[in-house]
Amino acid sequence: MSESDFLAAFGRLPSATADAAGRVNLMGEHTDYNGGRVLPTAIPGRTRVWLARRDDGRVQAGSAAVGGAVESYTLGAESPRGTWLDYLQGITAELVRGGQALSGLDLWIESDVPVGSGLASSAAFEIAVLRGLRALYGLLLDDLELARLGQRAETRFVGANVGIMDQMAAVFADEHTALLLDTRTLAFERVPLPDTLEIGVIDSGVRHAHASGGYNERREECERAAALLGVRSLCELSVDALPRVLELPEPLARRARHAITEHARVGAAADALRAGDGDALRALFTASHASQRDDFAVSVPEVDRLVSLALKDEDVVAARLTGGGFGGSIVFVASRGRAHTAALRVLDAAALPHARVVVPARASHG
Ligand code: ADP
Ligand code: MG
C-alpha cells in the first residue's frame, strides 16, 4: 500500500524499507537518565519507512502520521524548524557529523504507534529511519550505535533531553519478553512475560504542550539533587539513603525519592514477572503510580482516573502511568485473554473524549 504512496509522492518506487516498534515501559519511569534500570516491552504498533537514494544532497520526506506533506532540506545544512522534520534532520546531521557519506534521500513514513502518548513513537521513528538508511547505504553501524544515534538526534537536535530507554527498546525489545536494561552499562537481559498474564495499554488522549519542557525540568531537578547528594546519578543510591535524601530542599527531595524508589521497583517487578506474581505486581505498580503522581508530579487527573478505574476491574491485576507523563498512557496487567474486554470497560467508565485502547488491539483467546 505504501509503495504506492511513495510512488505518488516521489514519482518512482522505493529501493529499501525498514521498521521499528513502539514500546510500553512496565517499570522504571524517569530512571534512564538517572543511571537506573528500566523494563520496557515492545508493543505491536510499528513505524515503517520506505526509502530511495538521491544524488543531489537533498532530503525529501513525507509522513502519513502528520498529514503527508513532503518537506525537504539539504544534507549538512540541517537546522531546527520546531516540527517533526527535526527528528529526521537530527539523524542525518548526526550521521554526516560522524563522517557517513550520504548523498540524498526520498523517504515515506507510516506508523501505527500513537504519537505523543508515552509509547515512544519518536524512538520508533528514529530507529526505523536509521535501519532504513543502514540498508540503503550499507552503513557499518551496529545495533547499539543505532540506539545511541537516535538518542543523540533527540537530545542534540530536537532539544528533548531524553535518556536511552526508548531507542534501546526500539532496537532490542520484543513482544514476548520485557527488556531489563541497565542504562548505565547498557547491559540487558530478557525477562519472559508470564503465560497467565497479559499486558494492556490505554491512551488517555491527553497531551500537554509543555511536556518536553516539563521533562527537561525534571531532569535538571534530578541533576541538582544528585549534585547536592554528592553522586553522579541518583540511582547509585539505595533506599537506605532516603533519610538523607529527604533533607534536600523541596521539590528536590521528592524528585530524588521517586528516582530511587522507582529504581528499586524495577528489579522487584522483573522478579514478580518471572514468578508470575500478580499480587506483587499490583503493589509495585500502585506504588509506582503514587510516586509518579505525588513525588515526581508527572501525572494528570485523566490518567489517575484511568488507573483507579482499572484497579477496580475484576480482571485487572495492576495498573500505572507509563512513559514520561504529562498526559499519555496507562499500562495494566490483566489475566491472560481478558485485557481487551477489561480495557473496554475502563474506557466506558472513564468517559474521556479522546481515550482509546492501544493494546491489545482486539480480544485474544489464550
Ligand atoms: P512519544 O515518543 O512518547 O510518542 P515524543 O514527544 O517523544 O512522544 O515524540 C513525538 C514526536 O515525534 C511527534 O510530535 C513528531 O514530531 C515525532 N514523530 C513521531 N512519530 C512520527 C511519525 N510517524 N511521523 C512524523 N513524526 C513523528
Ligand atoms: Mg519520545
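Above this text you will find the structure in question.
A brief report on the enclosed structure follows. Along each chain, residues carry numbers from 1 onward, in the same order as the chain's sequence is written. Each chain takes a letter, starting from A, and each ligand takes a number, starting from 1, following the order in which they are written. In view of the model being predicted, local features appear only for residues whose pLDDT reaches at least 70, and side-chain atom pairs are presented and counted only at 80 or more, with totals across whole chains, interfaces and linings using the full set of residues. Side-chain numbers here rest on the full set of heavy atoms in the structure, without hydrogens or water.

## Description of the site of ligand 1
Part 1 of the argument: The environment of ligand 1 is formed by 18 residues, the closest being Ser-63, Gly-116, Gly-118, Ser-121 and Ser-122.
Part 2 of the argument: For the purposes of these results, a polar contact is taken to be a pair of N or O atoms within 3.5 Å, where, inside protein, one atom must be able to donate a hydrogen and its partner to accept one; residues adjacent in sequence count only when each atom of the pair is a side-chain atom. Here an oxygen atom of ligand 1 and a backbone polar atom of Gly-116 are 2.8 Å apart.
Part 3 of the argument: Measuring from an oxygen atom of ligand 1, one finds a backbone N or O atom of Ala-120 at 3.5 Å.
Part 4 of the argument: Only the protein chains shown count as covering a residue, and every accessible area follows the Shrake-Rupley method with a 1.4 Å probe. For ligand 1, the protein covers 80% of the area, taking 570 Å² as the surface of the free molecule.
Part 5 of the argument: With respect to the detected pockets, ligand 1 is housed in the largest pocket.
Part 6 of the argument: Strands are runs of DSSP state E lasting at least two residues, helices are runs of H or I lasting at least four, and both sets are numbered from the N terminus onward. Elements supplying a minimum of two residues to the shell around ligand 1: strand S6 (105-111) and helix H3 (121-137).
Part 7 of the argument: Take the shell around ligand 1: its biggest share by element is three residues, from H3.
Part 8 of the argument: Classifying every residue of the shell around ligand 1 by side-chain character gives ten nonpolar, seven polar and one charged. Proximity is defined per residue: if any heavy atom of the residue lies within 4 Å of a molecule or strand, that residue is considered near it. Here a cavity means grid points, on a 1 Å grid over the protein atoms only, where a 1.4 Å probe fits yet cannot get out; a pocket means an open set of points with protein on both sides within 12 Å along at least five of seven lines; lining residues are those with an atom within 4 Å of a point. Each molecule is checked against the cavity or pocket grid, and it sits inside if more than half of its atoms lie within 2 Å of the grid points. Residue polarity is assigned by list, with Asp, Glu, Lys and Arg as charged and Ala, Val, Leu, Ile, Met, Phe, Trp, Tyr, Cys and Pro as nonpolar; anything else, Gly included, falls into the polar class.

## Here we look at the sheet that holds strand S10 (residues 316-322)
Part 1 of the argument: Whether two strands pair depends on DSSP finding at least two bridges between them. Here we have four strands laid out as an open sheet, ordered S10-S11-S9-S12, and antiparallel in their pairing. What marks the edges here is a single partner per strand, and that holds for S10 and strand S12 (356-359). Looking at each pair of strands side by side, their axes are set apart by 25° on average, direction ignored. In this analysis, axes come from line fits to C-alpha atoms, helices being fitted only over the stretch in contact, and the angle between any two N-to-C directions falls in the range 0 to 180 degrees.

## As for the nonpolar core
Part 1 of the argument: What makes a nonpolar core is a set of buried Ala, Val, Leu, Ile, Met, Phe, Trp, Tyr and Cys residues whose side-chain atoms join them at distances within 4.5 Å. Only protein chains enter the calculation, and the probe is 1.4 Å; a residue is then buried if its accessible area is under 20% of its type maximum, exposed if over 50%, and partly exposed in between. The biggest cluster of nonpolar side chains holds 48 residues, and the ones touching the most others in it are Val-49, Leu-51, Leu-88, Leu-95, Leu-107, Val-129 and Leu-133.
Part 2 of the argument: If one sorts the elements of this core by residue count, H3 sits on top with nine residues.
Part 3 of the argument: Among all residues touching Leu-88, those that are not within four sequence positions of it are Val-59, Ala-61, Tyr-73, Leu-107, Phe-125 and Val-129.
Part 4 of the argument: One finds Val-206, Val-245, Leu-306 and Leu-321 within the second-largest nonpolar core, a separate group that totals 45 residues. What makes two residues a contact is simply this: any of their non-hydrogen atoms within 4.5 Å.

## Notes on the packing of aromatic side chains
Part 1 of the argument: Working definition: a ring pair exists when centres of Phe, Tyr or Trp rings (six-membered ring for Trp) sit within 6.5 Å. Plane angles under 30 degrees give stacked, over 60 give edge-to-face, the rest tilted. One pass over the full model with this rule turns up five aromatic pairs.
Part 2 of the argument: Measuring from centroid to centroid gives 4.8 Å for Phe-172 and Phe-188, while their planes differ by 40°, and the two rings are tilted. In this pair, Phe-172 sits in helix H5 (residues 165-172) while Phe-188 sits in strand S8 (residues 188-192), placing the two residues 16 residues apart along the sequence.
Part 3 of the argument: These aromatic residues form a ring-pair network of at least three members: Trp-84, Tyr-87 and Phe-125.
Part 4 of the argument: One Lys or Arg, Arg-218, reaches over the ring of Phe-296 and ends 6.0 Å from the middle of that ring.
Part 5 of the argument: For a ring to carry a charge above it, either NZ of a lysine or CZ of an arginine must fall within 6 Å of the ring centroid while also lying within 35 degrees of the normal to the ring plane. For the cation-ring pair, Arg-320 lies above Phe-285, with the distance from its terminal atom to the ring centre recorded as 5.7 Å.

## A closer look at the state of the cysteines
Part 1 of the argument: Only a pair of cysteine sulfur atoms within 2.5 Å counts as a disulfide in this structure description. Taken as a whole and judged by the stated rule, the model has zero disulfides.
Part 2 of the argument: Cysteine Cys-235 remains unbridged, with the sulfur of Cys-222 as its closest cysteine sulfur at 8.3 Å.
Part 3 of the argument: Look at Cys-235 and you get buried, because its relative accessible area is 7%.

## Examining the sheet that holds strand S4 (residues 58-63)
Part 1 of the argument: A sheet is described by the order of its strands in space; here five strands give the open sequence S1-S3-S6-S4-S5, paired in mixed fashion. Each of the sheet's edge strands pairs with one partner strand only, and the pair in question is strand S1 (16-25) and strand S5 (71-74). Ignoring which end each strand starts from, the neighbouring axes of this sheet average 25° apart.
Part 2 of the argument: In the packing of helix H1 (residues 2-10) onto the sheet, contacts are made with strand S3 (40-53), S4 and S6, and the angle to S6 comes to roughly 140°.

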